[in-house]
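For reference, the chains in residue letters:
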Amino acid sequence: MKLVLFGATGMVGSRIATEASARGHQVLAVSRSGQSPVPGVTATAADATDPDRVAEVARGADVVASACVPPRDGSDPRDPFLALNEALVAGVRAAGVGRLMVVGGAGGLEVAPGQALSDQPGFPEAYLPEAHAHRAVLAYYRALDDGPDWTYVSPAAEIAPGTRTGRFRVDGDRFMTDDQGRSLISAEDYAVAFVDELEQHAHPRARMSVAY
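What counts, and where the lines are drawn
- Residues numbered from 1 in each chain as written.
- Predicted model: local features only at pLDDT ≥ 70, side-chain atom pairs only at ≥ 80, totals over all residues.
- Heavy atoms only, no water.
- Helix = DSSP H or I, 4+ residues; strand = E, 2+ residues; numbered from the N terminus.
- Buried < 20%, exposed > 50% of the residue type's maximum accessible area, 1.4 Å probe, protein only.
- Contact = heavy atoms within 4.5 Å.
- Areas by Shrake-Rupley, 256 points an atom, 1.4 Å probe, with all protein chains shown as cover.
- Lys, Arg positive; Asp, Glu negative; His and termini not counted.
- Charge placed at Lys NZ, Arg CZ, Asp CG, Glu CD.
- Core = buried A, V, L, I, M, F, W, Y, C linked by side-chain atoms within 4.5 Å.
- Pairing = 2+ DSSP bridges.
- Axes fitted to C-alpha atoms, helices over the stretch in contact; angles between N-to-C directions.
- Parallel < 35°, antiparallel > 145°, perpendicular 65-115°, else oblique.
- Left-handed = near helix turned anticlockwise from the far one by under 90°.
- Nonpolar A, V, L, I, M, F, W, Y, C, P; charged D, E, K, R; others polar.
- Salt bridge = Lys/Arg side-chain N within 4 Å of Asp/Glu carboxyl O.
- Expected span 1.5 Å × (residues − 1).

Trainee: What is the right way to look at the overall build of the protein in this model?
Mentor: A count of helices and strands for the protein gives five helices and 12 strands. Overall, the C-alpha framework of the protein stretches about 45 × 35 × 30 Å when taken along its three principal axes. Taken over 212 residues, the protein has a buried fraction of 48%. Considering only residue pairs separated by 6 or more positions, the protein has 73% of its internal contacts joining residues 24 or more positions apart. When the accessible surface of the protein is split by element, carbon and sulfur atoms take 48% of a total near 9,500 Å². Each charge class in the protein was averaged separately, 19 positive and 27 negative side chains, and the resulting centres sit 3 Å apart.

Trainee: Help me out: how do you make sense of the nonpolar core in this one?
Mentor: Nonpolar side chains in soluble globular proteins tend to end up buried together. Ranked by size, the top nonpolar core spans 30 residues in total, and within it Val-4, Phe-6, Val-64, Leu-100 and Tyr-141 carry the most contacts. Residue assignment for this core shows that the elements contributing at least two residues are β1 (2-6), β2 (26-31), α2 (51-58), α3 (78-95), β5 (99-103), α4 (128-143) and β8 (149-154). A per-element tally of this core places α3 first, with six residues. If sequence neighbours within four positions are ignored, Val-64 has contacts with Leu-3, Val-4, Phe-6, Ala-58, Val-92, Val-97, Arg-99, Leu-100 and Met-101.

Trainee: Looking at this structure, how should I read the environment of Gly-98?
Mentor: Topologically, Gly-98 is positioned in the loop between α3 and β5. Once the C-alpha coordinates of Gly-98 and Gly-147 are considered, the two residues, 49 residues apart in sequence, prove to be 6.6 Å apart.

Trainee: Looking at this structure, I do not really get the pairing of β8. What am I missing?
Mentor: Looking along a regular strand, one sees side chains alternate from face to face of the sheet. A large share of β8 lies buried, amounting to six of its six residues. Taking every second residue as pointing to the same face, both faces of β8 are buried, with Asp-149, Thr-151 and Val-153 on one and Trp-150, Tyr-152 and Ser-154 on the other. In this sheet, β8 lies alongside β5 in parallel orientation, the contact comprising five bridges. For Val-102, the partnering residue across the bridge sits in β8 and is Tyr-152. Inspection of the sheet shows β8 paired to strand β12 (residues 206-211) by four bridges, in the parallel sense. Bridge pairing in β12 links Val-153 to Met-208.

Trainee: Whenever I open this one, the sheet that holds β5 confuses me. Can you help?
Mentor: To summarise the sheet geometry, strands pair through backbone hydrogen bonds and adopt either a parallel or an antiparallel arrangement. The strand order β3-β2-β1-β4-β5-β8-β12-β10 describes an open sheet built from eight strands, whose pairing is mixed. Every other strand in the sheet has two partners, leaving β3 (42-45) and β10 (169-171) as the edge strands with one partner each. Ignoring strand direction, the axes of neighbouring strands in this sheet form an average angle of 20°. One ladder, built from four bridges, connects β1 with strand β4 (residues 63-66); its direction is parallel.

Trainee: Please explain the packing of helix α1 (residues 11-22) against helix α5 (residues 187-200) as it appears in this structure.
Mentor: The relative placement of two packed helices comes down to the angle between their axes together with the axis-to-axis distance. As a packed pair, α1 and α5 sit with axes 8 Å apart at the nearest point and diverge in direction by 55°. With respect to α5, the axis of α1 lies oblique. Our pair here, α1 against α5, has a crossing hand that is right-handed. Where α1 abuts α5, its residues Met-11, Val-12, Arg-15, Ile-16, Glu-19 and Ala-20 lie against Ala-187, Glu-188, Tyr-190, Ala-191, Val-192, Phe-194 and Val-195. Residues of the contact of α1 with α5, tallied by class, amount to 10 nonpolar, no polar and three charged.

Trainee: Which parts of the structure should I look at to understand the pattern of salt bridges?
Mentor: A side chain with one charge may pair with a side chain of the opposite charge, provided their charged atoms come close. Scanning the entire structure with this criterion turns up 15 salt bridges. With a closest N to O distance of 2.8 Å, Asp-171 and Arg-174 form a salt bridge. Through salt bridges with shared partners, a single ionic network connects Glu-19, Arg-23, Arg-164, Asp-196 and Glu-199.

Trainee: Mind showing me how you'd approach the environment of Lys-2 here?
Mentor: By the secondary structure assignment, Lys-2 is in strand β1. Beyond its immediate sequence surroundings of up to four residues, Lys-2 is in contact with Gln-26, Arg-59, Gly-60, Ala-61, Asp-62 and Val-63.

Trainee: What should I look at first to understand α4 in this one?
Mentor: Residues separated by three or four positions in an α-helix point in the same direction, a consequence of the helix having 3.6 residues per turn. Compared with the 22 Å implied by 1.5 Å per residue over 16 residues, the 23 Å span of α4 between its first and last C-alpha is a close match. All of the buried residues along α4 are Ala-131, Ala-133, His-134, Val-137, Leu-138, Tyr-140 and Tyr-141.

Trainee: Can you walk me through the side chain of Glu-197 in this structure?
Mentor: The topology assignment puts Glu-197 in helix α5. Despite its burial, Glu-197 pairs with no opposite charge; the closest candidate is Arg-99, at 4.7 Å N-O. Beyond its immediate sequence surroundings of up to four residues, Glu-197 is in contact with Arg-99, Met-101, Thr-151, Ala-202, His-203 and Met-208.

As C-alpha cells, then:
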C-alpha cells in the first residue's frame, strides 16, 4: 500500500513509518520539517492544517494516517486540534483517498459503559486538556456522514519507547489493564497494531484500543 503519514517524526509516527516500511509498504513521511524519520523512507514538508497541501501530498495514496498531537503550549488545545482534523479530512476528501487512520488518545476509553477514563477521580489534571482534545476529535469523526472511512486507534494509558514484541490485545472502546492494573503499550507494539489495521481494515468507522 501507499501510506501518507502526517506527524511522521514524532515518537509514535516514526515507529509507524518504521513498521510500515519494514513490511514493504510505500511510506511518504510528512512533517513540518520535511525530515525522514527512517532511512530510505521518502519525506516531504507539509502542514496538516492546510487542506490544499494535504490534498496535494495525499493524492494517489491508499491510506492517509495522522500521528499529529494536540498543541502543548499551555493553551486549550481543543479548537486548534479539531481544526487540524477538519483540515485533514477536507484534504483527504479533495485528494479522493478513501481511508484515514488517526492516532488517538486513551482518555476517552471507557472504564465502564458510558464512563470515560478521563472523567474518573484521580485522572492526572495535567493530561486533561489533551484528553479533552482527543475526545472532541473522536466525536467529530463519529459525526461524519460521508467519507473518508476512518479508524481511530487509542493506545494504552502509558505509551513510551520500548520493545517490539508483537504480542498485545486489541479491543474497541474498552480501557484495558493488565493483571497488575496497569495500562501499558510500547510505541513499537502500538505501531504493529496500527499497521495490522492498515492491512486488515478490521475497524471501519470505529475506535480500536491497544494494550498489553
